[in-house]
Amino acid sequence: LAIHDMTGNLYSGVIYEIMQQDIRPLLAVDIIEQLHRQFASLSGGRGKDGAPIITFPECSGFSEVPEEDFLNVVTYLTSIPSLDAASIGFIIIIDRRKDKWSSVKASLSRIAGAFPGNLQLVLVLRPSRFFQKHIADIGIKLHKDDFKMKVPIVMLNSLSDLHGYVDKSQLTRELGGNLEYCHSQWIHHRTAIENFAMTVKTTAQMLQKFGTDLAETELPNDVQCTKDLLTAHTDKHNNLKDELRLAVKQGTTLYSCIKDQSAKSEDHELNPDEMENQTTVERLLAQLDETENAFEQFWSKHHLKLEQCLQLRHFEQDFREVKVSLDSLIDSLNSLSDTGDCVARVEKMLKELKTLEEKAQATLEKAQLHALHGDQLIQSNHYAVDSIRPKCVELRRVCDDFSNEVKKKTDILSKSLQIHQGIDKSGIYLLASQAVDKCQSQEGAESALTDIEHFLESAEKNQLTELRNLHNQYEVVLSEDIKVHVLKALKRLEDVQEMFEKRHLSLKRLSAKQTRPIQPVAPRPESSPKRPSVKNTPRTAGGQQRNLIFVFSANLNEDMHIMTELIETERLYVEELQSIMEGYFAELNNSELSHLMPPSLENKRDVLFGNLPEIYEFHNKTFLMELENCAEKPELVGTCFLKRVEELQVYEKYCQNKPRSEILWRQCGDSLFFQECQKKLDHKLSLDAYLLKPVQRITKYQLMLKEMLKCSNGEGIAELEEALATMLDIIKSVNDSMHQIAITGFEGNLSELGKLLMQGSFNVWTDHKKGHSKVKDLARFKPMQRHLFLYDKMLLFCKKREETTDGHEKTPSYSFKHSLKMSSVGITENVKGDSKKFEVWYNGREEVYIIQAPSMDVKNMWVSEIRKVLTGQLEACRGMYTHTHTFSSENNSVRLCYLIFHRITLQSQQVKDEKIHIKARRCVELACSPRVLPQSKEMLVGVSKLPIGVHVRVNGYLSLCVSLGDM
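Residues numbered from 1 in each chain as written. Predicted model: local features only at pLDDT ≥ 70, side-chain atom pairs only at ≥ 80, totals over all residues. Heavy atoms only, no water.

A. Spotlight on the overall build of the protein. Secondary structure assignment for the protein yields 33 helices and twelve strands. When each of the 967 residues of the protein is scored for burial, the buried share is 43%. Just so you have it, the protein exposes about 52900 Å², and 51% of that area is on carbon and sulfur atoms. (Helix = DSSP H or I, 4+ residues; strand = E, 2+ residues; numbered from the N terminus. Buried < 20%, exposed > 50% of the residue type's maximum accessible area, 1.4 Å probe, protein only. Areas by Shrake-Rupley, 256 points an atom, 1.4 Å probe, with all protein chains shown as cover.)

So, in structure tokens, the structure goes:
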């Protein structure tokens, strides 16, 4: 909303000063009384070359005009024409036909001493009376030098003489011309235009201040304060809109008045000043309209953000309320025990659990609706997506946790109820109900024996076997207390069974025929065998098996553990990719679901999924099987990774497409199509979470390789180290490519620049020889924030920009600013005053870039990489000359000498020292001499004394020269 810059070519001087300067200039309203005296006027006439004409008409009281008033009026009149017109110079016409020479002299003296503008010509209509006319002729000759004017002073005898200098169409009727001019109307227009300009400036400043206040306002954290802020800002916006309407109305009325004046007669033509007035008002109206549009655009965005902030605060408030209710339900659920000591207790707990579940339904539905509302906010491109999404996930997670916990407790209590019911089915009651005295007769014994045999038969099939099965089946989910109860019940049933068997034997003997009468004697009560304590109860087969597995696992090698984890996670990864391919990717071609597919997804399957099919094919058919082959030999896993380096490069393409995929997902992710696919797959998370799996997987490999290196001490270490370095390089390449695709404004083809070697953010100072000295001085002290991209063939300088896309997270983009060809680049590793700085210079230090790295490690990496590029260029140069030139004659050697010397001359210009230049030249001469080997010592001494930047270059060229000389 800043006031637009304006130049003298667009506005006249006064209007330009009003709009551009903070200090208020001299305006017509400030000197309105002096202007009405009309001792000087700007009628709008122009000279033949466009010079503005200021007229000093006949004025009897001119000599009585105070010096300050004269200076103010003349200063104001000279400030009205545009800067272009004023630069030509003003023409002064002094009309003193009815006056005396003394008045002419006084007028010339005042103008010469106080005229603030550039003068081109002074025309004086001398007194017409005979005596005064001759006095004027003599006076101008005598006093001409006293006026100290550097422009001609022309004394005119009549109006016809005046018409020889200025065309009649540019003169008013008083001077014999036909230019229409009304002084009072001129003053009225000037005050109106200047007043409108002040209104436009004031309005723009108010809008700018309001915009600044809005931008600096912190968003409140509660609903009521957000409502109050929205109301206050809306009221202020409405008031400013009213001010804008009044300003537009004022400008429109003024424009109509000026235009109506020109339409009074058909042959009336606007003079340059009137045309300039009309143009000025048009431009002020246009600026006001542009300012209003910019203000409305800004307000629209701000108002939307405030409304979204209010939505967010309502959402957060409701979230807190729902979360409190859910936490209360979770606490109530946790307070319910899942163990009971009897059937009645377990049945009571099941009833309480059922009641809690029914009570929780309303809260769970409210939570799900609130999460759905959050999804709608996300879909509407809300600016706080990063705050809303986790809350929606949290609500759904808590609801799922509550439902799962209820289901789990219900399951445990139901199984516990079955066990307790099995425990109660004991035959001890049958033993107690049999009367001992009736068992003394043969018939009574036979009857009791029949009952016992029936019970033993059913107990063997049901009670004891069923209880054991329940225990073995539910052992994992049962609590320790229930397990103790079950073991006790099993032991008790075994004791009861033993008691039944003893009575069974006794009753058999009693039912046999007796040869002699039997004295009724009460039999001894069967004694229960001693029970071993629960602590000494033998372990079950399942427990022994788990112990064996635990002991075996504890003895496994560490690298075997990591290898097992790598293979298992790889299998799971392939299964997840398969579910995506079959449950989503293939379903896009399912005609039965075509009616659910969103229009924004049509023909964009490759955008959403990228090259995921290619990744799945590689892992499913190749990589997983090769990893499984290494299960027994972890030392081979490094070789496995090295073998598949090229195939793993597919992740770079996938990651480059990921931003486009995410944008498309935000547009269509909430469609019924994806909901139906997710429901069929029974996935807890939506598709976008699974599309992140490849990005997470490619970064996981290097972590596992690091762990394997830590515990490996034998065969395969070298391959592991190389595999780790390779995976880190792939991750770096993927990361660099993600930055590269965000470069904007580069007109060339990035793929032609070679491999992207490095990228990072730096402080950069520039120092160019061809630049203005003031620019150079400023450049040295004010760093630029630049993001650098180093390629094989070019170094790019970009400006990093953080952009918010549709209310989502900020994504960086890199605006291209400058580039340097690596074939003309030199480097100075150390810069005085800061160890983290180094220099990159171009074309023999014609352009110098001082680069400050964030750390010494970053600097060293960049300097090393640039060195490699420069060294590679030298090697390429050597190879080119090896294959294309045969240095068999002395002339060829001489030509090569001058070629290398010319290249070193360019590089050594950084030193600006003639002695060093001579040393460099001497080194080349020695290198190209037929006696190069005997003089190698002198040559190396000369090179060692060169500065580091020249030293590196000379060494490279000397090595090239020696190798070519040897041939």
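B. Summary view of the environment of D213. Structurally, D213 is set in helix 8 (residues 183-216). Separated by 20 residues in sequence, D213 and H233 have C-alpha atoms that sit 9.9 Å apart.

C. The arrangement of unusual backbone geometry in detail. Not every positive phi belongs to a glycine, and N603 is a case in point at roughly 60°. Turning to its location among the elements, N603 is positioned in the loop between helix 18 (558-585) and helix 19 (605-609). Given a relative accessible area of 78%, N603 falls into the exposed group.

D. Focus on the nonpolar core. Counting 54 residues, the largest nonpolar core has L608, F609, L627, F641, F674 and L687 as the members making the most contacts within it. By residue number, the principal contributor to this core is helix 18, which donates eleven residues. The contact partners of F609, leaving out residues within four places of it in the chain, are I580, Y584, F585, L588, Y654, L687 and L691. (Core = buried A, V, L, I, M, F, W, Y, C linked by side-chain atoms within 4.5 Å. Contact = heavy atoms within 4.5 Å.)

E. Summary view of helix 24 (residues 672-681). Of all the positions in helix 24, only F673, F674, C677 and Q678 are classed as buried. For helix 24, the buried positions fall inside an angular range of 130° around the axis, keeping them on one side. Opposite its buried face, helix 24 presents the exposed residues L672, K679 and K680, each directed more than 90 degrees away. At its buried positions, helix 24 is contacted by helix 18, helix 19, helix 23 (650-668) and helix 25 (687-691). Just beyond helix 24, the residue with positive phi is D682, at close to 60°. (Arc of directions from axis to C-beta.)

F. Quick peek at helix 5 (residues 101-114). Taking 1.5 Å of rise per residue, 14 residues should cover 20 Å, and helix 5 covers 20 Å from first to last C-alpha, within 8% of that figure. Where helix 5 is concerned, the buried positions are W101, S103, V104, S107, L108, R110, I111 and A114. (Expected span 1.5 Å × (residues − 1).)

G. Representation of the pairing of strand 6 (residues 756-768). Counting buried residues in strand 6 gives ten out of 13 residues, a clear majority hidden from the surface. With eight bridges joining them, strand 6 and strand 7 (residues 784-791) adopt antiparallel strand pairing. Among the inter-strand pairings, Q759 is bridged to a residue of strand 7, identified as F789. Both strand 6 and strand 12 (residues 847-852) contribute to a ladder of six bridges, which runs antiparallel. From the neighbouring strand, T766 faces strand 12, where its bridge partner is Y849. (Pairing = 2+ DSSP bridges.)

H. View of the pattern of salt bridges. Inspection of every chain in the model, using the stated rule, returns 27 salt bridges. Here R245 and D242 are joined by a salt bridge, their closest N and O atoms 2.7 Å apart. In this pair, R245 and D242 both sit in helix 9 (residues 223-262), three residues apart, roughly one turn of the helix. Since its relative accessible area comes to 48%, R245 is described here as partly exposed. Here K693 makes a salt bridge to E576, at a shortest N to O gap of 3.7 Å. (Salt bridge = Lys/Arg side-chain N within 4 Å of Asp/Glu carboxyl O.)

I. Representation of the side chain of N277 in the model. Among the structural elements, N277 can be located in helix 10 (residues 272-335). What makes N277 buried here is its relative accessible area of 11%. The contacts of N277, once residues within four sequence positions are left out, are R190, I193 and I258.

J. A look at the environment of W841. Within the secondary structure layout, W841 lies in strand 11 (residues 837-842). It is 9.5 Å that separates the C-alpha atoms of W841 and H768, two residues lying 73 residues apart in sequence. Polar side-chain contacts of W841 include one of 3.0 Å to the side chain of T828. (Polar contact = N/O pair within 3.5 Å; in protein donor to acceptor, adjacent residues only side chain to side chain.)

K. Here's a closer look at the packing of helix 10 against helix 11 (residues 343-379). Closest axis-to-axis distance for the helix 10/helix 11 pair is 10 Å, and the angle between their directions is 155°. The angle between helix 10 and helix 11 falls in the class roughly antiparallel. Two packed elements cross with a definite hand, and for helix 10 against helix 11 that hand is left-handed. Only L353, L356, A360, T363, L364, K366, A367, H370, H373, G374 and L377 of helix 11 make contact with helix 10, whose side of the interface consists of Q311, F315, D318, F319, E321, V322, S325, L326, L329, S332 and L333. Tallied by class, the residues present in the contact of helix 10 with helix 11 amount to twelve nonpolar, seven polar and three charged. (Axes fitted to C-alpha atoms, helices over the stretch in contact; angles between N-to-C directions. Parallel < 35°, antiparallel > 145°, perpendicular 65-115°, else oblique. Left-handed = near helix turned anticlockwise from the far one by under 90°. Nonpolar A, V, L, I, M, F, W, Y, C, P; charged D, E, K, R; others polar.)

L. Seen up close, the side chain of Q170. Tracing the sequence through the fold places Q170 in the loop between helix 7 (159-163) and helix 8. Only 2.8 Å separates the side chain of Q170 from the backbone nitrogen of R46, close enough to count as a polar contact. Beyond its immediate stretch of four places on either side in the chain, Q170 contacts G44, G45, R46, I53, L179 and P272.

M. The packing of aromatic side chains, seen in detail. A full pass over the atoms with the stated rule returns 17 aromatic pairs. Ring plane angle 25° and centroid distance 6.3 Å describe the contact between F39 and F70, whose orientation is recorded as stacked. Here F70 lies in helix 3 (residues 67-79) and F39 lies in the loop between helix 2 (32-36) and strand 1 (53-56), a separation of 31 residues in the sequence. Side by side, F39 and F70 carry an identical accessibility label, which is buried. (Phe/Tyr/Trp six-rings, centres within 6.5 Å; stacked < 30°, edge-to-face > 60°.)

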